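# Per-entry structural report
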Amino acid sequence: MTPSRPSPAVGLSLLGFLATLALGLAILFGAPRTLDTFGLVQCTGFAALAMFGLSQGFVWGFAGVMSFGQAAFLGLGGYAYAVSVINLGDSTLPVLIAIVVPMLFAGLLGYFMFYGRISDAYIGVITLTVSVILFQLVNATSGSQYRIGAAELGGFNGIPAIPALNLPGHPDEPLDNDGLWYAAMGALVLAYVLLRAVLASRFGRVVVAIRENETRAQLIGYDPRLYKLLAFMIAAGVAGLAGCLYANWGGFISPTVFGLSMSAQVIIYVLVGGLGTLVGPMLGAVLIQWLIIAAGSQTVVDSNLGLGLVLVGFVLLVPQGLVPVVRGLLLRLIERRTPSRPAPEAGGALATERAR
Amino acid sequence: MSAPITPGAPLRPLIEARGVTMRFGGVAAVAGVDFTLGEVELRCLIGPNGAGKSTFFKILTGQLKPTEGTIRLRDTDITGAEPHAIARLGVGIKTQVPNVFNGLSVHENVFVAAGRRKSLARTRAIVDETLTRLGLTGIARSLVGQLAHGQRQWVEIATVLAQEPELILLDEPAAGMTHDEVHRTAALIREINRTHALIVVEHDMPFIRMIAKTVTVFNQGRILVEDSVDRVLADSRVRDVYLGKQAA
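Keep in mind that this is a model prediction, so the values were computed, not measured. (Residues numbered from 1 in each chain as written. Chains lettered and ligands numbered in written order. Predicted model: local features only at pLDDT ≥ 70, side-chain atom pairs only at ≥ 80, totals over all residues. Heavy atoms only, no water.)

## Some thoughts on the interface of chain A and chain B
We apply this condition: The contact definition used throughout considers only heavy atoms, calling two residues in contact when any of these lie within 4.5 Å. By definition here, a salt bridge exists when the distance from a side-chain nitrogen of Lys or Arg to a carboxyl oxygen of Asp or Glu is within 4 Å. Definition of a polar contact: a pair of N or O atoms within 3.5 Å, with one able to donate and the other able to accept a hydrogen when the atoms are protein atoms, and with sequence-neighbouring residues admitted only if both atoms are side-chain atoms. In this text, helices come from DSSP runs of H or I with a minimum length of four residues, and strands from runs of E with a minimum of two, each type numbered from the N-terminal end. Amino acids outside the nonpolar list (Ala, Val, Leu, Ile, Met, Phe, Trp, Tyr, Cys, Pro) and the charged list (Asp, Glu, Lys, Arg) are all regarded as polar, and Gly is one of them.
Listed as interface residues are 31 residues of chain A and, on the opposing side, 41 residues of chain B. Glutamate 82 of chain B is paired through a salt bridge with arginine 117 of chain A; the nearest N and O atoms lie 2.6 Å apart. Taken together, chain A and chain B are joined by 14 residue pairs in polar contact (both at pLDDT 80 or more). Those elements giving two or more residues to the side of chain A that touches chain B turn out to be α7 (202–212) and α8 (214–220) of chain A. Residue classes in the side of chain A that touches chain B are distributed as 12 nonpolar, nine polar and 10 charged.

Structure follows, in structure tokens:
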């Protein structure tokens, strides 16, 4: 390797990963011991939406694909789980179906977008439109004639009483609240670690390089279309799993998961938490959801107005998002503590390593 | 026809363009160009702005698909092939406006270029060698977006070398460089040319004199003249097109 000293940012980034992992595990095992049932159920919902944020953060922040209709994959995952678990009973296969169906759909959609050389802005428009089309489509499935096997799609009313996850091979023993928490939070930690691994791999480095300069990547011999397609599919799989957890959380799913507000919400998670990080969108999800609940439980200002003000404030005051700002402060602190050294190049960290 | 002029050039050309034409609407940026380059040959392309040099480079690398004509790289017809496919066949290009990964470090830029379909050990060896060769080791961890223009040019040349191409296209490699950097670039090009074929587009005549053996002059999308560097630079027609004397 190049005999250059490791930049503190690289060490900090590894430290950040380990800290995030430790925090994730601490929350995973600590929450059931400290929270009451209501709090734990609420946190299970947060975990599902944090996973959704993770998916958006990966595809937008690292692959540079402006997928503004990520709710399409959340919804597909949720519906795929609901339909298959009602038909199959045991939840093991339905979880896989909830991941694979959105991935395949993303593969098909992505193939036409990326290989059709659709420009970035139009990818945003197309993905958003597709999610709205799916919303309308599922919305129009009222009546008993719209059924897949034993599962009635139910139109606007959605699918109620979705069987919860169970341990593989024991469909009669659905997980209780604690079990669902462990499943959701465990899956979130796992998805985070997997995405970190993807970004640290050579595939991930090329994905980030393509985000930086597609022409150069092409002139080196990489096919950007393929890399973007694969990244898009990975993100869709993560969103699908989030949809599965979301359906489990309420035991219910309706077309609103495909809705515009879902797609918008997840973009806000990423903006608040920090574009170009993995941990930011997860934190953003929890923060925004918590704010939504807090805003709903007070009567001083209209809750939507209050939330809107908070978001405007964020975009104006912390446009990079929370995590990059905090990291910048930490780096500056370290610099100040080591004055004998030449100023470390903060940006010198491997970009793929910056994903905390 | 433009047969290889270099004495002792091999019979089979490395790259051979026949009747290449690129029209944008009614304008022919490149009009019926025949161009041949031998193995391990160094060729300079000169010509006034808008003569079609960069367009020709874009056609060679697949960034543009020619309206007419064919391009062969050894035995392969690469006319209209995708840029990544042409790159995999061994064509590397430093573009006129630097195309680098601004958000990545110098090291990462070179690593991504070196690493396609190679083992990690081999990739690291190439990265080390390239960084040392271009004197970039000291700034290996710096973000490319924060470097000066000349340094970014070198980073781009490093990525091109790291992908181990057989034919290297350099579009204005000396632009924006200091006098000292220009000399280093010329030395580097001569060194690369010991093992690789190069086509260099430049406007800087002293620089051309430092490196060139054969020069091809483009004017208004066509090849005006192709000869040894001394004869080309003494050619009155070449002076005329540079000074804009030639009637349209």
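## Things to note about the pairing of strand β8 (residues 197–201) of chain B
All names here are of chain B. Note the cut-off: Burial status follows relative accessibility: with a 1.4 Å probe on protein chains alone, a residue under 20% of its type maximum counts as buried, one over 50% as exposed, and anything between as partly exposed. Whether two strands pair comes down to DSSP finding at least two bridges between them.
In terms of residue burial, β8 counts as a mostly covered element, since five of its five residues are buried. The side-chain alternation of β8 yields two buried faces, one formed by Ala197, Ile199 and Val201 and the other by Leu198 and Val200. Judged from the four bridges that link them, strand β3 (residues 42–46) and β8 form a sheet pairing that is parallel. Looking across to β8, one finds that cysteine 44 is bridged to valine 200.

## So, the UniProt feature "transmembrane region" (unreviewed entry) in chain A
Test applied: UniProt positions are given in the numbering used here, feature names are shortened, and annotations may be inferred rather than shown by experiment.
Mapped onto this structure's residue numbering, the UniProt feature "transmembrane region" (unreviewed entry) falls at residues 12–31, 37–54, 59–81, 93–114, 121–138, 180–199, 226–249 and 307–330 of chain A. From the first C-alpha to the last, residues 226–249 of chain A spans 35 Å; its make-up is 100% helix and 0% strand.

## Focus on the pairing of strand β9 (residues 214–219) of chain B
Residues and elements named next belong to chain B. Extensive coverage of β9 is indicated by the burial of six of its six residues. Pairing of β9 with strand β10 (residues 222–228), which is carried by six bridges, proceeds in the antiparallel orientation. Its bridge partner being in β10, valine 217 is matched across the sheet by valine 225. Here β9 folds back onto β10, and the loop between the two strands holds two residues, one of which, glutamine 220, carries a positive phi near 50°.

## A closer look at the sheet that holds β10 of chain B
All names here are of chain B. In plain terms, the rule: Convention adopted: a line fitted to C-alpha atoms gives each axis, helices being fitted over their contacting stretch, and angles between N-to-C directions are expressed from 0 to 180 degrees.
Read across the open sheet, the six strands follow the order β6-β7-β8-β3-β9-β10; overall the sheet is mixed. A strand with exactly one partner marks an edge of an open sheet, and here the two such strands are β6 (91–94) and β10. Between one strand axis and the next, the sheet turns through 15° on average, direction left out of account. Bridge count for β6 against strand β7 (residues 167–171) is four bridges, and the pairing is parallel. When the bridges of β7 are listed, lysine 94 appears paired with leucine 170. Against the sheet, helix α1 (residues 53–60) engages β3, β6, β7, β8 and β9, with an angle of about 150° to β7. On top of the sheet, helix α9 (residues 236–243) reaches β3, β9 and β10; it is set at about 135° to β10, its chief contact.

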